[in-house]
Amino acid sequence: MFFATDGIMWSTTEEQGTSITADRLGTLEIISPSVPLCIFGRNRRLSVKRIGIVMGSDSDLPVITKATDLLKQLEIPFDVHVYSAHRTPEEARDFALNARDNDYGVIIAAAGMAAHLAGAIAANTTLPVIGIPCSSSNLEGLDALLSTVQMPPGIPVATVGINAGANAALLAAEILAVSDADVAKKLADKRAADTAKVIAKDRDIMSRI
Ligand code: RP5
């Protein structure tokens, strides 16, 4: 697999713990969103954290897609799973218990209805967990919002708005950016581009009235 950073393309293996060769080969785009667990530079070793995304059901996918679209745009590695706090509690637990060893830097957990997934994940890891409450037909997400945000003291879940997949991705990236200058630059560039779009709208708004 190849991974481009700072205009430098590194070749890596995909297996955790195996040796990795790194050569300056030129600039290329990332071929796959799957993750190099470590990148060795010529005189440096960079640790690359990925974002773990979990959803309670595949019916939550439209919300998760908002997050994954943004992470692809920012070229931040992630992977996605369906684990339910209620239907597959053992799988959700194992994922959380192994998350740090599996080189995740932050976890996003999305669920609807009695949405315990983010809390159940947070109970089994000290990595930061971002919860996305997903809307459902009966209570339009208010049930999931309260279930996700009202964690008892000691087990925090950083809860974004109902169906707010994009904000969850940005918050996850901001957490990685605390120790990853490359991600910090991508976020700054995106913020500047978004600001420019709003300024252009301000300039144009009178012509639409
Ligand atoms: C939750 O129940 C899921 O996160 C989903 O939002 C909701 C409904 O799940 P499905 O019945 O669509 O599988 O656990």
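Residues numbered from 1 in each chain as written. Predicted model: local features only at pLDDT ≥ 70, side-chain atom pairs only at ≥ 80, totals over all residues.

1. Points about the site of the ligand
How we decide: In this text, near has one meaning. A residue is near a molecule or strand if its C-beta atom, placed using the backbone, is within 6 Å of it. Each residue gets one label: Ala, Val, Leu, Ile, Met, Phe, Trp, Tyr, Cys and Pro are nonpolar, Asp, Glu, Lys and Arg are charged, and the others, such as Gly, are polar.
What surrounds the ligand is the set Gly56, Ser57, Ser59, Asp60, Ser84, Ala111, Gly112, Met113, Cys134 and Ser136. Class assignment for the residues of the shell around the ligand results in three nonpolar, six polar and one charged.

2. Here we look at the sheet that holds strand S9 (residues 158–159)
The test is simple: Whether two strands pair depends on DSSP finding at least two bridges between them. Helix and strand assignments come from DSSP, with helices taken as H or I runs of at least 4 residues and strands as E runs of at least 2, each series counted from the N terminus. Once C-beta atoms have been placed from the backbone, residue pairs whose C-beta atoms lie within 7 Å are recorded as contacts. Only the contacting stretch of a helix is used when fitting its axis, a line to C-alpha atoms as for every element, and angles between N-to-C directions run 0 to 180 degrees.
Across the sheet, which stays open at both edges, the five strands sit in the order S6-S5-S7-S8-S9 with parallel pairing between neighbours. Edge positions in the sheet fall to strand S6 (78–82) and S9, since each of these pairs with one other strand and no more. The sheet contact formed by strand S8 (residues 129–134) and S9 spans two bridges and is parallel. In the sheet register, Ile130 faces S9, and the bridge partner there is Ala158. On the sheet, helix H5 (residues 165–177) packs against strand S5 (50–55), strand S7 (104–112), S8 and S9 and is oriented at approximately 165° with respect to S7.

3. Comments concerning the nonpolar core
Most often, soluble globular proteins keep nonpolar side chains buried together rather than apart. We count it as follows: Take the buried Ala, Val, Leu, Ile, Met, Phe, Trp, Tyr and Cys residues, join any whose C-beta atoms are within 7 Å, and the set you get is a nonpolar core. In this scheme the burial state of a residue depends on its C-beta neighbours within 10 Å: 20 or more other such atoms mean buried, 12 or fewer mean exposed, and anything in between means partly exposed; the C-beta positions come from the backbone.
Of all hydrophobic cores here, the largest spans 45 residues; its most connected members are Ile108, Ala109, Ala111, Leu117 and Ile121. Mapped onto this core, the elements with two or more residues apiece are S5, helix H1 (61–74), helix H2 (89–98), S7, helix H3 (117–122), S8, helix H4 (142–149) and H5. Counting residues per element, this core draws most heavily on S7, which supplies seven residues. Ala111 has contacts with Met55, Gly56, Asp60, Ala85, Leu117, Ala118, Cys134 and Ala144, leaving out every residue within four places of it along the chain.

4. Focus on the environment of Leu71
Turning to its location among the elements, Leu71 is positioned in helix H1. For Leu71, a count of 24 C-beta atoms within 10 Å puts it in the buried group. Distance from Leu71 to Ile51, taken between C-alpha atoms, is 9.0 Å for residues 20 residues apart in sequence. Among all residues touching Leu71, those that are not within four sequence positions of it are Ile51, Ile76, Phe78 and Ala169.

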